[in-house]
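One-letter residues, chain by chain:
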Amino acid sequence: MNKNCKHCHQNFDARRRNHLYCTLSCKTLASYKRNNYRYVSGHYQKDNMLPEIQESSLAVSQLENDSKPKMLEANKQTINFKSVSNAAIGSVAADTVSYGLKKMLAPQSLPATKGDFERLKNDMEELKRLLFQSKNGF
Ligand SMILES: [Zn+2]
């Protein structure tokens, strides 16, 4: 049966109806692609979480000092914003954190002013408030 390979789109002769790929290598490569592997010097490696999310986890762990939402207690080091039920919280957090980290990690390119820190502080307060509300089911 003539089919087009799902990965390289070349025509091939499928021996079974459920064959999707022309070769084992196409099947493997397609699976890598689906699972976000990338080619690094000689082999494929699974991509880790997005760097933004890792950075966010770091910064949020610093918020736990006073309000201590349950969520943070459960897993202090790795908060995954994808798992936060309210998407709004995730986006506020991501904005706050990426803005703050840019200021902190690249001070030479973006000199931080007193206003920047005020803004960051306000954003952090807002984030804490949202997390608190979420804990108490709004
Ligand atoms: Zn193929």
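Bear in mind the structure is a predicted one, so any value in this text is a computation, not a measurement.

> Before we go on, may I ask you to explain the packing of aromatic side chains in this structure?
Ring pairs (aromatic) are described by centroid distance and by the angle formed between their planes. Evaluation of the coordinates by the stated rule reveals one aromatic pair. Between Y32 and Y37 the ring centres are 4.8 Å apart and the planes differ by 35°, which places this aromatic pair in the tilted class.

> How should I be thinking about the pattern of salt bridges in this particular structure?
If you walk through the whole model with that rule in mind, you get three salt bridges. Of the charged contacts in the structure, one is a salt bridge between D123 and R119, with a shortest N-O distance of 3.5 Å. Of this pair, D123 and R119 are both found in helix 5 (residues 114-135), four residues apart, which corresponds to roughly one turn of the helix. Its relative accessible area of 40% is what places R119 among the partly exposed residues. E125 serves as the salt-bridge partner of K128, at 3.6 Å between the closest nitrogen and oxygen. With K128 and E125 both in helix 5 and three residues apart, this pair spans about one turn of that helix. Judged by its relative accessible area of 16%, K128 is buried. With a relative accessible area of 43%, E125 lands in the partly exposed category.

> What is the right way to look at the coordination of the zinc ion in this model?
For the zinc ion, every protein donor is listed as C5 (SG), C8 (SG), C22 (SG) and C26 (SG), and the spread of their distances is 2.2 to 2.3 Å. Around the zinc ion, the four donor atoms sit at angles spanning 105 to 114°, and that spread fits a shape best called tetrahedral. Site description for the zinc ion: donor spacing in sequence, C-x2-C-x13-C-x3-C. Remark: C22 occurs in the loop between strand 2 (11-13) and helix 1 (24-34) and C5 occurs in the loop between strand 1 (2-4) and strand 2; sequence separation between them is 17 residues. Exposure remark for C5: the relative accessible area of 1% places this residue in the buried category.

> Help me understand the confidence of the model for the protein, please; the structure alone is not making it clear to me.
In low-pLDDT segments, the atomic positions of the prediction should not be examined closely. Per-chain confidence: the protein averages 71 in pLDDT, with 52% of residues scoring 70 or above. Averaged pLDDT values for the elements of the protein fall to 49 in helix 2 (residues 51-61) and rise to 94 in strand 2. Long-range and interchain partners of residues 49-56, a stretch whose pLDDT sits below 50, account for 10 contacts in this model, where long-range means more than four residues apart.

The rules behind the values
- Residues numbered from 1 in each chain as written.
- Predicted model: local features only at pLDDT ≥ 70, side-chain atom pairs only at ≥ 80, totals over all residues.
- Heavy atoms only, no water.
- Phe/Tyr/Trp six-rings, centres within 6.5 Å; stacked < 30°, edge-to-face > 60°.
- Salt bridge = Lys/Arg side-chain N within 4 Å of Asp/Glu carboxyl O.
- Helix = DSSP H or I, 4+ residues; strand = E, 2+ residues; numbered from the N terminus.
- Buried < 20%, exposed > 50% of the residue type's maximum accessible area, 1.4 Å probe, protein only.
- Donors = N, O, S within 2.8 Å, 3.2 Å for Na, K, Ca; no water.
- Tetrahedral: all angles 85-135°; square planar, octahedral: opposite > 155°, others 65-115°.
- pLDDT = per-residue confidence, 0-100.
- Contact = heavy atoms within 4.5 Å.

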